[in-house]
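Listed here are the chains, written in short residue letters.
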Amino acid sequence: KINDIKIVGNVKTNSYELKKMLSLNSNNLITFDKNHAKSLVEELGWVKRANIKKIYPNTLILNIIESDPFAVYYNDQDIYLIDIDGQIITSNPEKKNYESLLTLRGEKAEVRLNEIIKEINIYFPEIRNLVKELEFVDKRRWNLILLNGLLVKLPDSEIQDSLENLKKLFEDKQILDSNIIEVDLRIKGRATIKVDGEK
């Protein structure tokens, strides 16, 4: 008989809920199905990965790794907290607790989030901390909105080239410290800029 269930690594995930889930799976340590229990636990929003050990004669140890919130995803009227892989952690989070996170918008944006973040981290890691919002436009391309309000329009494909061009504009033209409010990189080899004011 399972007399003791020890849980390690949970901060956001409710211990009582986890123990109840494991107890329902089986109360016999020999017949307890670790793989089935692991699958059930990993379906919980905050749980990224789980590992279960049987310690005879009567103990289960559940080690879990919880997801790290990466962005707040606005999808129509719904709001979700998601991790860097685009996996939904929870719905309708307390906004005040996650105001510093990246904002994500656009239909199917969560599916392509990991892809755009990889591209930025590989080709232009310096920009990552400057991005306030990522907008997935028409389910095919991205807009970046930076902390200073600068809008960057990326093309449908070959984002690497566009990010390289953007990097040059940042380094050579100091566009972050200018009155430029928009950089359109949708046409290959060209940057179209829009400025604030009459200049």
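Source: prediction; values computed, not measured.

What counts, and where the lines are drawn
- Residues numbered from 1 in each chain as written.
- Predicted model: local features only at pLDDT ≥ 70, side-chain atom pairs only at ≥ 80, totals over all residues.
- Heavy atoms only, no water.
- Core = buried A, V, L, I, M, F, W, Y, C linked by side-chain atoms within 4.5 Å.
- Buried < 20%, exposed > 50% of the residue type's maximum accessible area, 1.4 Å probe, protein only.
- Contact = heavy atoms within 4.5 Å.
- Salt bridge = Lys/Arg side-chain N within 4 Å of Asp/Glu carboxyl O.
- Pairing = 2+ DSSP bridges.
- Helix = DSSP H or I, 4+ residues; strand = E, 2+ residues; numbered from the N terminus.
- Axes fitted to C-alpha atoms, helices over the stretch in contact; angles between N-to-C directions.
- Phe/Tyr/Trp six-rings, centres within 6.5 Å; stacked < 30°, edge-to-face > 60°.
- Lys NZ or Arg CZ within 6 Å of the ring centre and 35° of its normal.

Asker: Can you help me understand the nonpolar core in this one?
Answerer: Soluble globular proteins: nonpolar side chains tend toward being buried together. Counting 32 residues, the largest nonpolar core has L104, I116, I127, L134, W142, L154 and L166 as its most contacted members. Residues within four places of L134 in sequence aside, it is in contact with L102, T103, L104, R105, L113, I116, I117, W142, N143 and L144. Grouped together as the second largest cluster of nonpolar side chains are 16 residues, I7, L22, L29 and V41 included.

Asker: Explain the pattern of salt bridges to me, please; I cannot follow it from the model alone.
Answerer: Opposite charge on two side chains makes pairing possible when the charged atoms of those side chains draw close. For the coordinates displayed, the defined rule picks out 13 salt bridges. Salt bridges linked by common partners bring K48, D83 and D85 together as one network.

Asker: Got a minute to help me understand the sheet that holds strand β2 (residues 47-55) in this structure?
Answerer: Taken together, the three strands give an open sheet; going across it, the order is β1-β3-β2, and neighbouring strands pair in mixed fashion. Of all the strands in the sheet, the pair left with one neighbour each is β1 (4-8) and β2. Neighbour to neighbour, the strand axes of the sheet diverge by 20° on average, direction disregarded. Sheet topology places β1 next to strand β3 (residues 59-66); five bridges connect them, and they run parallel.

Asker: How should the packing of aromatic side chains be read in this particular structure?
Answerer: The geometry of an aromatic ring pair comes down to the distance between the two centres and the angle between the two planes. Scanning the model with the defined rule gives three aromatic pairs in all. Where F136 meets W142, the ring centres are 4.7 Å apart and the plane angle is 40°; that geometry is what we call tilted. Each member of the pair, F136 together with W142, is buried. Over the face of the ring belonging to Y74 we find R105, whose NZ or CZ atom lies 4.5 Å from the ring centre.

Worth remembering: the numbers are spatial, not functional.
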